[in-house]
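Residues per chain are reported as follows:
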Amino acid sequence: MTKRLRVDPVACAGHGACAELLPELITLDEWGYPIVADQPVPRGLRHEARHAVRNCPALALALTRVA
Amino acid sequence: MITDSLTLPWPAQEASAPASLPRLLPAAGTVPVDLRAHLARYGALRYAGGKGRIVAEVAAAGLTGRGGAAFPVARKLTAAAEARPAPLVAGNGAEGEPASSKDRSLLWISPHLVLDGLQLAAEAAGTGTAVLYVRRNQRLHGRLAQAIAERAAAGIDAVRVDVVSAPDRFLAGEESALVSRLTGKPALPAYRSVRGLPRLGPGRPALVQNVETLAHLALIARYGAAWFRIAGTEAEPGSMLATLYLPDGRTSVTEVPLGTGLADLLGLDPAAAGPGVDSVPSAGGPVRAVLVGGYHGAWLSAAEAARLPLANAALRPLGTAVGAGVVAALPADRCGLAETARVARYLALESAGQCGPCFNGLPRIAAALDHLAGPHPDQRARADLERWAGLVTGRGACHHPDGSVRFIRSALRVFAAEAGLHERGRCTGTDPRPFLPVPAGRPARDADWS
Amino acid sequence: MTGITHTTALWYASRATGVVTLLLLTAVLLLGVLVNRQGRLPGLPSFAVTGLHRNVSLLAVAFLAIHVITAIVDPYVTIGLAAAVLPFVSAYKPFWLGLGAISLDLIAALILTSLARARISRRAWRGIHWVAYAAWPLAVVHSLGSSTDARSGPVLAVLAGCVLAIAVALSWRLSRAAREIPRAARAAATLSRMPARKADL
């Protein structure tokens with residue numbers, strides 16, 4: 001079961017906590033908004049990914065199951 | 001299960017089936033068709049009875065949405081029929097695209113076709129609630145209220161129809177914006193993490209169809225799938241309403257079969273084009289380029305357009321699509337980059353302002369394009385534009401950034417030679433008057449979205 | 001003041017942890033304002049602000065628990081368990097303790113909804129998070145009325161410092177919010193900042 005990170009662009013306000021907590025998969029564009037790598041979250045980073053999701057002040061980051 | 005529809009013949013009313021186009025609009029004129037004239041021309045709509053009955057016929061007809069996305073209608077109706085609870089049905093007549101006037105023309109002239117279709121969609125979905133979502137316009141709302149009252153007096157509608165006004169914004173007709181507006185909130189696009197029917201809220205799905213789609217539905221219900229397929233192509237059957245802009249300034253809404261050659265549509269005469277000239281003569285004057293699909297569509301050079309039909313199968317490989325049927329022939333004396341820059345500015349200002357990449361990227365892209373539309377643009381403008389275009393694509397809640405970038409990139413491709421001339425301080429455009437319709441810039445306030 | 005006996009130790013513990021809880025609640029509110037305005041603490045990454053906001057709030061809850069339990073267990077005054085969560089049922093100073101109970105209830109709602117964030121709607125979570133602005137002044141007034149500590153000396157100084165800090169933070173938040181560009185005008189604002197081209201063809 002693969003998992004992907006998804007950003008709700010309406011909720012996202014560009015806090016940038018996600019990119020700090022998961023730099024392997026999330027970088028910030030020149031305006032401070034997250035660019036999420038277009039790949040499933042590797043097992044080794046699942047814990048960090050969940051941590052990043054929980055730390056988003058805008059609740060904009062989600063870890064979703066992909067078929 | 002729709003078993004009975006497979007065994008019984010469709011109750012066709014062949015005697016009154018229009019043999020040729022136009023189907024949705026009267027043969028001539030813009031006089032609104034009242035209920036009596038509507039019934040005299042098309043006959044009464046005998047509801048086939050039962051949820052899902054019409055879906056098989058629509059599937060056989062191959063009707064796709066006429067709002068721009070061309071989604072198969074039968075699939076949407078099936079999803080609506082299966083949805084629990086029964087969805088709200090909405091006819092989308094917001095027509096936020098400034099270059100398109102087909103929906104308001106259809107609503108003004110043939111509202112009864114749209115209202116018939118709305119009843120059919122409600123029946124297919126098994127719901128008792130229908131809404132018609134129309135741009136805020138007193139005359140049009142008055143006309144629709146009149147049409148609904150006529151039908152109520154004649155007792156022909158099973159489901160009550162409410163008319164909801166859409167704000168005057170480009171994105172007001174976007175599906176999730178419509179749904180948001182129906183819940184009483186501003187018409188702002190929403191982030192949708194799951195596909196399927198949009199929802200007004202938890203447990204409240206909605207079936208949204210463009211008003212032209214509903215009009216076709218009303219005719220398929222009367223005359224059947226085989227009749228519908230007489231026009232159009234095998235893969236893209238039926239007719240559609242197109243908003244045409246000819247180079248001499250004439251504009252019209254015309255019903256055409258899908259697959260009609262753009263050359264026929266615009267009166268282009270490619271054979272008469274001389275060698276080494278990048279415009280094609282037409283009945284209305286020489287044409288430099290053709291915009292297909294509206295402001296989220298794409299430009300084609302006149303020579304390309306002259307060889308292509310108005311059909312997605314041929315247009316998609318070139319990065320464009322039929323969309324909502326806008327076809328605009330740019331006169332050869334206009335600068336394509338200047339036109340595109342004007343529209344790009346409008347598109348940027350029409351951002352809902354919700355998603356960072358969109359409200360940061362589109363204005364920057366528009367500004368860079370404006371530089372490219374002028375003399376001796378900055379060296380970095382083109383590279384900046386490309387970088388920003390890459391940054392906004394796919395990163396908004398709706399397709400506004402993607403569609404706008406598609407439109408702008410197509411301009412850079414088709415008007416590449418022009419861009420080269422601008423770098424040297426020259427331009428082939430001799431007429432500075434604007435050609436494409438762009439509403440006058442007015443500063444947007446949050447209340448404008450309600 | 002006589003020596004501390006075992007009967008008054010609990011009472012002192014309750015008062016002391018009360019002061020600490022108030023300090024921590026003040027810190028949580030200040031950090032919350034910082035998170036909302038996307039402010040940064042010097043030298044720290046942005047996730048540190050959200051992390052501190054969460055962790056300090058949990059610390060505040062811990063001290064709040066000790067504050068409440070010691071007050072209930074202490075035989076010096078009669079405060080039943082119910083009085084901790086139901087306002088105005090305490091035998092001892094029902095009004096002032098009642099305010100504390102309301103504040104505790106609001107804090108409990110905040111903590112519980114934040115722990116269940118992923119499961120509730122964003123609107124519900126935000127709505128309840130706004131009540132944070134009520135929990136703090138209730139705690140302050142509760143402190144002023146529940147014991148004479150805050151009427152003078154170092155505790156009063158601490159309280160005054162907290163009130164001042166919150167006043168500054170809130171006025172900063174309000175002024176920033178007032179100057180924020182409305183959503184519909186964001187694109188226009190960006191566009192107006194872009195340099196215009198210098199000439200026409």
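Worth saying up front: this structure is predicted, and the values here are computed from it rather than measured. (Residues numbered from 1 in each chain as written. Chains lettered and ligands numbered in written order. Predicted model: local features only at pLDDT ≥ 70, side-chain atom pairs only at ≥ 80, totals over all residues.)

A. How the structure looks around the overall build of chain A. When its secondary structure is counted, chain A shows 2 helices and 4 strands. In chain A, buried positions account for 37% of the 67 residues. Pairs at least 24 residues apart make up 60% of the contacts formed inside chain A by residues separated by at least 6 positions. (Helix = DSSP H or I, 4+ residues; strand = E, 2+ residues; numbered from the N terminus. Buried ≥ 20, exposed ≤ 12 C-beta atoms within 10 Å, placed from the backbone. Contact = placed C-beta atoms within 7 Å.)

B. Local environment of the overall build of chain B. For chain B, the count of helices and strands is 17 helices and 10 strands. For a compact globule of 450 residues, the expected C-alpha radius of gyration is about 22 Å, and chain B comes in at 22 Å, within 12% of that figure. In terms of its C-alpha atoms, chain B occupies a principal-axis envelope of roughly 70 × 50 × 40 Å. Counting every position in chain B, which comprises 450 residues, the buried fraction comes to 54%. Excluding contacts between residues fewer than 6 apart, the proportion of contacts in chain B whose partners are at least 24 apart in sequence is 72%. (Rg over C-alpha atoms; globule rule 2.2 N^0.38 Å.)

C. Spatial organisation of unusual backbone geometry. At the junction of Leu21 of chain B and Pro22 of chain B, the peptide bond is cis and its omega measures out at 0° in the coordinates. Checked against the element boundaries, Pro22 of chain B lands in the loop between α1 (3-7) and α2 (35-42). The omega angle of the peptide bond from Arg84 of chain B to Pro85 of chain B is -5°, so this bond is cis rather than trans. Within the fold, Pro85 of chain B resides in the loop between α4 (73-82) and β1 (88-93). Phi angles above zero are rare outside glycine, and Leu59 of chain A is one such case at about 55°. Note on placement: Leu59 of chain A falls in the loop between α2 (46-54) and β4 (61-66). Backbone geometry places Phe88 of chain C, a non-glycine residue, at a positive phi of 70°. Take Phe88 of chain C: it is sitting in the loop between α3 (82-85) and α4 (94-115).

D. Looking closely at the sheet that holds strand β3 (residues 160-166) of chain B. Residue and element names in this part refer to chain B. Taken in spatial order, the 5 strands line up as β3-β2-β1-β5-β4 in an open sheet, and their pairing is mixed. Edge positions in the sheet fall to β3 and β4 (199-201), since each of these pairs with one other strand and no more. Each strand of the sheet is rotated relative to its neighbour by a mean of 30°, with strand direction disregarded. When β1 meets strand β2 (residues 129-135), the two strands line up parallel, connected through 5 bridges. In the strand pairing of β2, Ala90 is matched with Val131. Docked against the sheet, helix α7 (residues 138-154) engages β2 and β3, running at close to 175° with respect to β3. (Pairing = 2+ DSSP bridges. Axes fitted to C-alpha atoms, helices over the stretch in contact; angles between N-to-C directions.)

E. Fine view of the sheet that holds strand β6 (residues 239-245) of chain B. Residues and elements named next belong to chain B. Reading across from one edge, β7-β6-β10-β8-β9 is the order of the 5 strands in this open sheet, with mixed pairing throughout. The sheet is open, and its two borders are formed by β7 (251-257) and β9 (298-301), each paired with just one other strand. This sheet shows a mean twist of 25° between the axes of neighbouring strands, independent of strand direction. Its contacts with the sheet put helix α16 (residues 400-414) on β8 (287-292) and β9, and the angle it makes with β9 is roughly 20°.

F. Fine view of the domain arrangement of chain B. Residue and element names in this part refer to chain B. Domain assignment breaks chain B into domain 1 (3-165 + 210-228), domain 2 (240-331) and domain 3 (336-437). In this structure, domain 1 and domain 2 have C-alpha centres spaced 28 Å apart. Facing the 17 residues of domain 1 at the interface are 15 residues of domain 2. With 3 residues, helix α5 (residues 102-109) is the single largest residue contributor to the side of domain 1 that touches domain 2. When grouped by side-chain class, the residues that make up the side of domain 1 that touches domain 2 number 7 nonpolar, 5 polar and 5 charged. (Domains from an automatic or database assignment. Nonpolar A, V, L, I, M, F, W, Y, C, P; charged D, E, K, R; others polar.)

G. Up close: the interface of chain A and chain C. On the chain C side, the residues contacting the 10 residues of chain A number 10 residues. When grouped by side-chain class, the residues that make up the side of chain A that touches chain C number 6 nonpolar, 3 polar and 1 charged.

H. The interface of chain B and chain C, seen in detail. Taken residue by residue, the interface counts 23 residues in chain B and 14 residues in chain C. Ranked by the residues each element gives to the side of chain B that touches chain C, the list is headed by helix α14 (residues 356-372) of chain B, at 9 residues. Tallied by class, the residues present in the side of chain B that touches chain C amount to 12 nonpolar, 6 polar and 5 charged.

I. Seen up close, the environment of Phe63 of chain C. Residue and element names in this part refer to chain C. Within the secondary structure layout, Phe63 lies in helix α2 (residues 46-73). On the neighbour-count criterion, Phe63 (19 C-beta atoms within 10 Å) is partly exposed. If we ignore the near neighbours within four places in the chain, the residues touching Phe63 are Thr17, Val20, Thr21 and Leu24.

J. Geometry of the nonpolar core. Core analysis: the biggest nonpolar cluster contains 144 residues, and Ala121 and Val290 of chain B have the highest contact counts within it. Ignoring sequence-local partners within four residues, the contact set of Val290 of chain B consists of Leu262, Leu266, Leu300, Ala302, Ala305, Val327, Ala328, Ala329 and Leu330 of chain B. One finds Leu22, Ala71, Ala83 and Trp136 of chain C within the second-largest nonpolar core, a separate group that totals 34 residues. (Core = buried A, V, L, I, M, F, W, Y, C linked by C-beta atoms within 7 Å.)

K. Structural detail: α16 of chain B. All names here are of chain B. Here α16 is 15 residues long and its end C-alpha atoms lie 21 Å apart, about the 21 Å a rise of 1.5 Å per residue gives. With 12 of its 15 residues buried, α16 lies for the most part within the structure. Those residues of α16 hidden inside the fold are in contact with β8, β9, α13 (336-349), α14, α15 (380-392) and α17 (416-423). (Expected span 1.5 Å × (residues − 1).)

L. Focus on the confidence of the model for chain A. Of all residues in chain A, 99% have pLDDT values of 70 or greater, and the mean over the chain is 93. Predicted confidence in chain A is weakest over β4 of chain A, with a mean pLDDT of 89, and strongest over strand β3 (residues 34-36) of chain A, with 97. (pLDDT = per-residue confidence, 0-100.)

M. Molecular detail of α4 of chain C. Residues and elements named next belong to chain C. Taking 1.5 Å per residue as the helical rise, α4 with its 22 residues ought to reach 32 Å, and the 31 Å between its terminal C-alpha atoms agrees with that figure. Every buried residue of α4 is accounted for by Leu97, Leu99, Gly100, Ala101, Ser103, Leu104, Ile107 and Leu110. Structurally, α4 contributes buried residues whose contacts are with α2, α3, α5 (122-129) and α6 (132-146).

N. Structural detail: the packing of α4 of chain B against helix α6 (residues 111-125) of chain B. All names here are of chain B. Where α4 contacts α6, the axes come no closer than 7 Å and their chain directions differ by 50°. Judged by the angle between their axes, α4 and α6 are oblique. Contact with α4, carried on its side by Leu77, Ala80 and Ala81, involves Ala121, Ala124 and Ala125 of α6 and no other residues of that element. (Parallel < 35°, antiparallel > 145°, perpendicular 65-115°, else oblique.)

O. Main features of the pairing of strand β5 (residues 204-210) of chain B. All names here are of chain B. Summarising burial for β5: 6 of the 7 residues are buried, a large majority. One ladder, built from 5 bridges, connects β1 with β5; its direction is parallel. Bridge pairing in β5 links Leu88 to Ala206. Relative to β5, β4 is paired through 2 bridges, and the arrangement is antiparallel. Considered in β5, the bridge of Arg199 is made with Pro205. If you look at the hairpin formed by β4 and β5, you'll find 2 residues sitting between the two strands, and Gly203 has a positive phi there, around 75°.

P. Region of interest: the confidence of the model for chain B. Residue and element names in this part refer to chain B. Confidence along chain B averages 90 in pLDDT terms, with 93% of residues attaining 70 or more. Note on residues 1-12: pLDDT is under 50 here. Beyond four places in sequence and across chains, it has 14 contacts. As scored by the predictor, the complex reaches a pTM of 0.91 and an ipTM of 0.95.

Q. Layout of the environment of Val68 of chain C. All names here are of chain C. In this structure, Val68 sits in helix α2. When the C-alpha atoms of Val68 and Ala83 are compared, they prove to be 9.5 Å apart, with 15 residues separating the residues in sequence. Excluding residues that lie within four positions of it along the chain, Val68 makes contacts with Ala84 and Leu104.

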